[in-house]
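In case you want the letters, here they are:
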There are 2 protein chains.
Amino acid sequence: MAPNGSSPEGAEEVCSIEAASAFLADSPVSGEAVADDVATFVARHSAEGHQGTDGAHPRPIVVVTSGGTTVPLERRCVRFIDNFSAGTRGAMSTERFLEAGYAVIFLTRTGSLQPFSHLLPSADPPELVDRIACLAKPAGADASTGDSNAPCSSSGQGQGQGQGPIVQIRPDHAAGVAKVLAAREACREQGTLLVLKYETIFEYLTYLRILADQLQPLGPRVMFYLAAAVSDFYVPWSELAEHKIQSADGPLELRLQRVPKMLGALASAWAPASFVVSFKLETDQSLLVKKASTALQRYGVHLVVANLLHNRKDVVTLVEHQEAQAAAAAAAAGAGEAAAGAGAGLGAEMGQEDGGVRAVELHRPAEEADIERLLVGAVAARHAAFRQAAGA
Amino acid sequence: MAPNGSSPEGAEEVCSIEAASAFLADSPVSGEAVADDVATFVARHSAEGHQGTDGAHPRPIVVVTSGGTTVPLERRCVRFIDNFSAGTRGAMSTERFLEAGYAVIFLTRTGSLQPFSHLLPSADPPELVDRIACLAKPAGADASTGDSNAPCSSSGQGQGQGQGPIVQIRPDHAAGVAKVLAAREACREQGTLLVLKYETIFEYLTYLRILADQLQPLGPRVMFYLAAAVSDFYVPWSELAEHKIQSADGPLELRLQRVPKMLGALASAWAPASFVVSFKLETDQSLLVKKASTALQRYGVHLVVANLLHNRKDVVTLVEHQEAQAAAAAAAAGAGEAAAGAGAGLGAEMGQEDGGVRAVELHRPAEEADIERLLVGAVAARHAAFRQAAGA
């Protein structure tokens, strides 16, 4: 959508772009290290693109954002407002995008869920180690023998050579750990996963802007999949106190400004040629599709993934312009994906049409542990149709 | 200190106890599961106390609090104010208290640093696994042989029996992982570590109150070592909105109340017979001892550990009543600890006397990686003198 488009929201979008620029001008984050990492990643995949990974199409690229942003209340940040998100959607979607042949830039909050985490016990580091590994005494030092069902039997395996205890992976976690190691090794070899970590809203939006700038030459090949929970309110850096707020007598009054909506700036100005997917989380079913439709039309994104808090792991609703859905369905049918139920989500769709906007509901298949394979398949089919329409 | 003591702060302390009770009455947390865990722990150590662990003295008990508390801004908590603390002091001190023969109740923020974490790489779970373990192909499947320096050599060790890849611990992390496993196993066998996790200020203070109540029968044998970073301001639960704050137009105004200071209530009413150590973190050297002295006198705690943000890993200042320091020095000298420099901190002390309050500065010994061994030794010596004075 052009910044000066004739939609009724045109004026607001221009304003949003200005507000976004003003926000970034006030940000204390330079992002130089991130810019270097992104440049290396883009160079690798730009070069690869000329030959194509399967001899025909270059590898598509997705920026997956995940976790919640923080808002500092002091410059030397002790106190901050946080926006809770475990990061499950972003981490699981990243794995599915990798499976679908994408190169992924994962822009993630420190400490939130990472790709392949779900293959490991959910625990802090010492407990994690305790759950996946155990000590076995060196062979011969243990009186009980022949018990092959013991969690860590002393069958002479391990890396110790007779000096002290031997650490072994517990058999019930060996397969999960092996999968994590193999998956991470594959990402390293192919250069398909770049992880960028943020904490604050300033870092998040500065890095997103850097990504948009550097990925712009790759145009429609790039998708932005904006699953992070971005703070709505913040205190501008220029208004923040340098030191810890003193806890003198009396209540504390905080006055927070709106964070400018970056979706409009991203879709219309920073990455106008790319495919932009935003997320909407609500608690009220009756408002869900209406609010998602408003976001679709106001910000010029291509697809809104709408969730309800209580069932977001089992049901998602794709909200999009009607013609986009038709093109995606055609592309998915052409690729033979619809029959598998993992393409455009046709099997489970429940269309709602309203003013050229269509809502398609996807339900987690009973045999799958997560809905992200279905969701990512449906989103990737729409991105493929978008690339095809753009002649990319 | 008696609730109706004749100090000028007497009235304020009574008020503080009332405010603390009002806070807890408004808390949404019941803490029943925590109460059960604590009861089991107390029963074990009460019984052990009658015989004594070394035939003479029962094992002392310390409650170490760690990490920062959160303040929810909605009842279904999406947004909250956080008080950053990595939890290093609490986690390291817990290890040192265990070494010193204490049983430890570790009241810790979810996700903050845990005891024995420092023996492992600091990384999210998939990266942690990648750094401590690796895949080795089954013996015979690897062409390169005899390379004993390879990170994961295929010398036929591991738990696989010829089916697929074998997971091994990397040799450079085997010793660290073995230490974590052995330390956690020892804690399980001896029942010396109970970990309780909190997120919100409501959970933290409710659990602390439960601990004080249940440990009260053990009197002077118990120490409270309050290293957690507790929020200064909060929104009472009764004033919190049920759902997500709607981000309508205009700025957001938040009005937060003071969290009542629990130190006075804990030291004078909830755990009047126990040894209470509080912490003070400042950025201004000139205010440090003065503020710590005020806390010592106002709240009736036995010892304040004062830190400066920039050098808190190398220097701490113990602020205490003068007679307490003399008793501790005598106890430490009696136990022959002063010569080792790890007892009452006599080696590095730099006394400052002011109105019966004395400040002793401890410096991290050059040969130690952390200051917590020295700090915990000095605190434990004071607790020993306190128990002796109480005839316990």
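This text follows the structure it describes.
Residues numbered from 1 in each chain as written. Chains lettered and ligands numbered in written order. Predicted model: local features only at pLDDT ≥ 70, side-chain atom pairs only at ≥ 80, totals over all residues. Heavy atoms only, no water.

Within chain A one finds 10 helices and 15 strands. When burial is assessed residue by residue, chain A has 51% of its 392 residues classed as buried. Within chain A, counting contacts between residues at least 6 apart in sequence, those at least 24 apart form 74% of the total. When the accessible area of chain A is evaluated, it comes to approximately 16,700 Å², of which 51% is carbon and sulfur surface. (Helix = DSSP H or I, 4+ residues; strand = E, 2+ residues; numbered from the N terminus. Buried < 20%, exposed > 50% of the residue type's maximum accessible area, 1.4 Å probe, protein only. Contact = heavy atoms within 4.5 Å. Areas by Shrake-Rupley, 256 points an atom, 1.4 Å probe, with all protein chains shown as cover.)

With that settled, the discussion passes to the side chain of Arg59(A). All names here are of chain A. Tracing the chain through its elements places Arg-59 in the loop between helix H2 (32-51) and strand E1 (61-66). Owing to a relative accessible area of 13%, Arg-59 belongs among the buried residues under this scheme. Among the polar contacts listed, one links the side chain of Arg-59 to the backbone oxygen of Gly-101, at a separation of 3.2 Å. (Polar contact = N/O pair within 3.5 Å; in protein donor to acceptor, adjacent residues only side chain to side chain.)

Attention now goes to the pattern of salt bridges. Residue and element names in this part refer to chain A. A complete count under the given rule lists 36 salt bridges over all chains for this structure. Glu-320 is the partner of Arg-382 in a salt bridge, and the nearest nitrogen-oxygen pair spans 2.8 Å. Here the residue Arg-382 occupies a position in helix H10 (residues 372-389), and Glu-320 occupies one in strand E13 (residues 315-321), the gap between them amounting to 62 residues. Glu-320 carries the same exposure label as Arg-382, and that label is buried. Salt bridges here are not isolated pairs; linked through shared partners, they connect Arg-96, Glu-99, Glu-368, Asp-370 and Arg-373. (Salt bridge = Lys/Arg side-chain N within 4 Å of Asp/Glu carboxyl O.)

With a relative accessible area of 1%, Glu320(B) lands in the buried category. For Glu320(B), the side chain forms a polar contact with the side chain of Arg382(B), separated by 2.7 Å.

Under the counting rule described, the total for this entry stands at 18 aromatic pairs over all chains. Geometrically, the ring pair formed by Phe202(A) and Trp237(A) is edge-to-face, given 5.7 Å between the ring centres and 80° between the ring planes. Taken as a pair, Phe202(A) in helix H6 (residues 201-215) and Trp237(A) in the loop between strand E9 (233-234) and strand E10 (252-258) lie far apart in primary sequence, 35 residues in all. Between Phe97(B) and Tyr102(B), the ring centres sit 4.9 Å apart and the planes meet at 70°, which makes this aromatic pair edge-to-face. For Phe97(B), a relative accessible area of 0% puts it in the buried group. In textbook terms, an aromatic cluster arises when at least three aromatic residues are bridged by ring pairs, as seen for Phe23(A), Phe202(A), Tyr234(A) and Trp237(A). (Phe/Tyr/Trp six-rings, centres within 6.5 Å; stacked < 30°, edge-to-face > 60°.)

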